[in-house]
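If you want the building blocks of each chain, they are given just below.
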Amino acid sequence: MAVDVGIRGRGAVATTLALALGQQGLRVALSAAIANDPSRSDVRAYALNAASRRLLQRLKVWDALPGDAVTPVYEMHVRGDAGAGRLRFSSWTQRVDALAWIVDAAELDRAANDALRFAAHVQRGDDAPPAALTVYAEGKHSASRAALGARFERHDYGQTAIAARLTAAEPHQGVAHQWFRAPDVLALLPFDRPQAQRSYALVWSLPRDRADALMALEAADFERELNSAGADLPTGLSLASERSAWPLALASAQPSCGEGWVLIGDAAHLVHPLAGQGLNLGLGDVQALADTLAGREPWRRLGDERLLRRYARSRAWPVQSMSWLADALVQGFSSPHAWVRELRNRGMGLIDRAAPAKRWLAAQALDG
Ligand SMILES: Cc1cc2nc3c(=O)[nH]c(=O)nc-3n(C[C@H](O)[C@H](O)[C@H](O)COP(=O)(O)OP(=O)(O)OC[C@H]3O[C@@H](n4cnc5c(N)ncnc54)[C@H](O)[C@@H]3O)c2cc1C
């Protein structure tokens, strides 16, 4: 079959784009040349925003997720150094159903791949055949990016994120927690697996040597370190999965498109996970690219560079602003200087009391 769009990649961004373009009636080839490593299960859970949820609902992926693979977040508590600064967000004051939804990464993959089996216009093969447009959703280690002439300057944070599933002694009540404890950032996302109401997804970003040391500890010693990591931690945290480690960097591809090709998702931009926005940005790319292709002039080719630049322009601000925000948080909260510490804690207190500023901040994260 001749195809209109070839997609290289097999992560959530590639599969959702294949579903979205297939829904438009475009003939799509999704390459699965690189198989998943079956020995590695993904212990992460993503905090997805309302825009991502709407996209996944339209693609019939959301409703196919098992009930306990999605947990709504009703409150978010952010704490500064030694409990000094504090920020609280709630779905009630934001007047939304939930601030975010915590979604099991492996289940999301599975549901999107299941949906692909019913997508009439999508073919899967070892390699994407030549097409008018090739989309590269190959993730941060994209092998094609350099060959396309795109630079990907990485700013290495010198940090590693440790991810794991935890259980706690008390119910999570839909509250997400984040501790900015210069230099590390500890996030606990409420989750219903493996134990309903009592589980969390952990994302703990630390300087690399400290993360290596924590990864090397036996489970019981790691749990001891975790439980003593901060005030107000939920009690009785224990590991419910293996731990996985993710080196952290900031990067964006320049250029991100050219005649007949475009980079999307982590292949195009990398942000620190403290803002929980990497996949939300990737799904934002999917929606914007699908809209741009659907709205093209009847005479314009799918791979027309001008069309693709139109897409790239529409993504510049959302991606850039989120990268800046996450980077500013990392820089501001990793500084050991006393005056920076004072400033950030006072800043958190000020924002907490300034309702409009708080609503604006939450709205950025909520709707991409
Ligand atoms: C610890 C941690 C926590 C995170 N938490 C959140 C969160 O709460 N919310 C959020 O929005 N984001 C979060 N993120 C970010 C999110 O994981 C990524 O942004 C997202 O997974 C990127 O998806 P992707 O499909 O672009 O890339 P990937 O998930 O990397 O998928 C790309 C896939 O394509 C494959 N591939 C490469 N080349 C080819 C080829 N030529 N043909 C076929 N396949 C190929 C790769 O092997 C890979 O499997 C987190 C990240 C980390 C590290």
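Described below are features of the structure shown in this document. Since this is a predicted model, take the numbers as computed values, not measurements.

With that settled, consider the overall build of the chain. Within the chain, the secondary structure is distributed over 10 helices and 18 strands. When burial is assessed residue by residue, the chain has 51% of its 368 residues classed as buried. Across the chain, every contact between residues at least 6 apart in sequence was considered, and the portion connecting residues at least 24 apart equals 74%.

Moving on to the pattern of salt bridges. Per the counting criterion, the structure on display carries 20 salt bridges. Of the charged contacts, one joins Arg-301 and Glu-259 as a salt bridge, the two residues approaching to 2.9 Å between their closest N and O atoms. On the criterion of sequence distance, the pair formed by Arg-301 in the loop between α7 (278-294) and α8 (305-334) and Glu-259 in the loop between β16 (257-258) and β17 (261-263) is long-range, its members being 42 residues apart. By relative accessible area, which is 42% here, Glu-259 ends up partly exposed. In this structure, Arg-300 engages Asp-304 in a salt bridge whose closest nitrogen and oxygen atoms are separated by 2.8 Å. Of the two residues, Arg-300 and Asp-304, neither departs from the other in class, the shared state being buried. Three or more residues joined by partner-sharing salt bridges are found here, namely Asp-68, Asp-104, Glu-107, Arg-110, Arg-165 and Arg-193.

Let us now look at the site of the ligand. Within the structure, the ligand sits among 25 residues, and Arg-44, Ala-47, Glu-138, Asp-266 and Leu-279 are positioned closest to it. With respect to the ligand, the backbone of Arg-10 contributes an N or O atom lying 3.0 Å from an oxygen atom. Between the ligand and Ala-47 there is a distance of 2.7 Å, counted from an oxygen atom to a backbone nitrogen or oxygen. Taken together, the elements giving at least two residues each to the shell around the ligand come down to α1 (12-23), β3 (45-48) and α7. Grouping the amino acids of the shell around the ligand by side-chain chemistry returns 11 nonpolar, nine polar and five charged.

The next point concerns the packing of aromatic side chains. This model, assessed by the stated rule, comprises three aromatic pairs. Ring centres 6.3 Å apart and planes at 90 degrees place the aromatic pair Trp-62 and Trp-101 in the edge-to-face group. Remark: Trp-101 occurs in strand β7 (residues 100-104) and Trp-62 occurs in the loop between α2 (50-58) and β4 (70-73); sequence separation between them is 39 residues. Measuring from ring centre to ring centre gives 6.3 Å for Trp-317 and Trp-324, while their planes differ by 65 degrees; the resulting arrangement is edge-to-face. Judged on exposure class, the residue Trp-317 and its partner Trp-324 are both exposed. Directly above the aromatic system of Phe-152 lies the positively charged group of Arg-145, at a separation of 3.5 Å from the ring centroid. Its end group placed over the ring of Phe-222, Arg-243 keeps NZ or CZ at 4.8 Å from the ring centre.

What follows deals with unusual backbone geometry. Look at the link from Arg-193 to Pro-194: it is a cis peptide, with omega at 0 degrees. You can see Pro-194 is positioned in the loop between β12 (184-191) and β13 (199-207). Here the bond from Gln-254 into Pro-255 is cis, since omega is -10 degrees, no more than 30 degrees from zero. Relative to the helices and strands, Pro-255 is located in the loop between β15 (244-254) and β16. Here the phi dihedral of Gln-173 falls at roughly 55 degrees; this positive angle occurs in a residue that is not glycine. Residue placement: Gln-173 occurs in the loop between β10 (151-167) and β11 (175-181). Judged by relative accessible area, which is 60%, Gln-173 ranks as exposed. Of note, the phi angle at Gln-197 is positive, near 70 degrees, even though the residue is not glycine. Inspection of the secondary structure assignment puts Gln-197 in the loop between β12 and β13.

A few words now on the pairing of β7. Within a regular strand, side chains alternate between the sheet's two faces. Counting buried residues along β7, five of its five residues qualify, which places the element largely inside the surrounding structure. Burial along β7 is two-sided: the residues Ala-100, Ile-102 and Asp-104 and Trp-101 and Val-103 are all buried. Pairing between β3 and β7: four bridges, direction antiparallel. By the bridge assignment for β7, Leu-48 is matched with Trp-101. In this structure, β4 lies alongside β7, joined through four bridges in antiparallel fashion. Looking across to β7, one finds that Pro-72 is bridged to Trp-101.

Cut-off values and rules
- Residues numbered from 1 in each chain as written.
- Predicted model: local features only at pLDDT ≥ 70, side-chain atom pairs only at ≥ 80, totals over all residues.
- Heavy atoms only, no water.
- Helix = DSSP H or I, 4+ residues; strand = E, 2+ residues; numbered from the N terminus.
- Buried < 20%, exposed > 50% of the residue type's maximum accessible area, 1.4 Å probe, protein only.
- Contact = heavy atoms within 4.5 Å.
- Salt bridge = Lys/Arg side-chain N within 4 Å of Asp/Glu carboxyl O.
- Near = heavy atom within 4 Å.
- Polar contact = N/O pair within 3.5 Å; in protein donor to acceptor, adjacent residues only side chain to side chain.
- Nonpolar A, V, L, I, M, F, W, Y, C, P; charged D, E, K, R; others polar.
- Phe/Tyr/Trp six-rings, centres within 6.5 Å; stacked < 30°, edge-to-face > 60°.
- Lys NZ or Arg CZ within 6 Å of the ring centre and 35° of its normal.
- Pairing = 2+ DSSP bridges.

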